[in-house]
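So you can see what is in the structure, the chains are spelled out below.
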Amino acid sequence: MSLYTNTSFNPILSEALNKIGENQFVGTKIFPVRNVSSKVGEYPTFGTDQFDNNTSKARAAGSLFPRQDFEYNKQTYATVQYALEGVLPDEDETAASEAGVSDASAAIAQKLQRNLMVGHELRCAAALTGANFASTDATAAFSNAADAKPIIDIQNAVERLNAHGFYDNVALIIETSLFNEMINTNDVRGIFNGNGTYTNRQVLLDAFGVNEIIVTPTRYNSNAKGNTSNRSKIWSTSEIYVAQVGGGDFANGGFGRTLSFGPDGGVFTAEVYRDEPIKSDVLRVYNSVDEVVINTHAGQKIAAV
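Reference entry: report on the structure contained in this document. This structure is a prediction, so every number in the text was calculated from the model and none was measured. (Residues numbered from 1 in each chain as written. Predicted model: local features only at pLDDT ≥ 70, side-chain atom pairs only at ≥ 80, totals over all residues. Heavy atoms only, no water.)

With that out of the way, let us pick up helix 5 (residues 150-163). Here helix 5 is 14 residues long and its end C-alpha atoms lie 20 Å apart, about the 20 Å a rise of 1.5 Å per residue gives. Residues of helix 5 that are buried: P150, I151, D153, I154, A157, V158 and L161. In this fold, the buried residues of helix 5 make contact with strand 7 (170-175), helix 6 (176-183), helix 7 (186-189), helix 8 (201-208), strand 11 (239-244) and strand 15 (299-303). Taken from the residues just after helix 5, G165 is the one with a positive phi, measuring 95°. (Helix = DSSP H or I, 4+ residues; strand = E, 2+ residues; numbered from the N terminus. Expected span 1.5 Å × (residues − 1). Buried < 20%, exposed > 50% of the residue type's maximum accessible area, 1.4 Å probe, protein only. Contact = heavy atoms within 4.5 Å.)

Per the stated rule, a full pass over the model turns up 13 salt bridges. Of the charged contacts, one joins K301 and E239 as a salt bridge, the two residues approaching to 3.9 Å between their closest N and O atoms. Of this pair, K301 sits in strand 15 while E239 is found in strand 11, placing the two residues 62 residues apart along the sequence. The same class applies to K301 and to E239, which are both buried. Of the charged contacts in the structure, one is a salt bridge between R274 and D281, with a shortest N-O distance of 3.2 Å. For R274, a relative accessible area of 17% corresponds to the buried category. One network of salt bridges, in which partners are shared, links D90, R274, E276, K279 and D281. (Salt bridge = Lys/Arg side-chain N within 4 Å of Asp/Glu carboxyl O.)

Here it is as structure tokens:
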């Protein structure tokens, strides 16, 4: 007879874990989730020559309709399951309850979820940095407040995206410290009432020609557990990105997705099982994802910022 009870899905914890927000994780905002029906598979990619073409023709009555063929390439994906468990001894749960902590299991699950999120965030940042986007150097580093020209640098990147057929859902993706340096350049301060008095984000959106600014503040403890924590930045502090961000079906556009395989955990799943030999409940959280760049034409990199 087994001393371990079967795992059971915990819908309450799973719902809580899917309400992502703690620590301001932005990976699923930059690489939105798309559910896939198989753990490994392929998806189509189209070149920029396959759309926005003037191929419609006048048709005479009774004649055949003109047709257009589409050529596409394929890329493969493979979702990977990432998982963590946390042990909640009966004695600790009793002590927590006596101390007025009503749901110790949920607190542990949230900490486990944060560690899963850190892994996802790091992989998203690596995928973004490694994407083969067209790259152009900034006019000057944003720390050079007098000479930096972020407005024209970003506008030019937007125009390059337009030239590839991307017009909507264009986002500026920028790490927090770079954003702070950018808004304190003379170039940007000059558009706020002419004297650097900040008004609202829409002024920046209009000036840059983007629909959204995604600021990436996330950090993680890069030291091993048990050592003094070191909250390192996850996202690049030497380059920014102007890219089309889209979720759901690939036809919606966007440069990347977090592909999520539901039967293996999806975006986040929580379970609990009993480990009787140590008189403890064991909380398990896991997901099954692959972070992919689906269209390198949908992004522009501005380096040396």
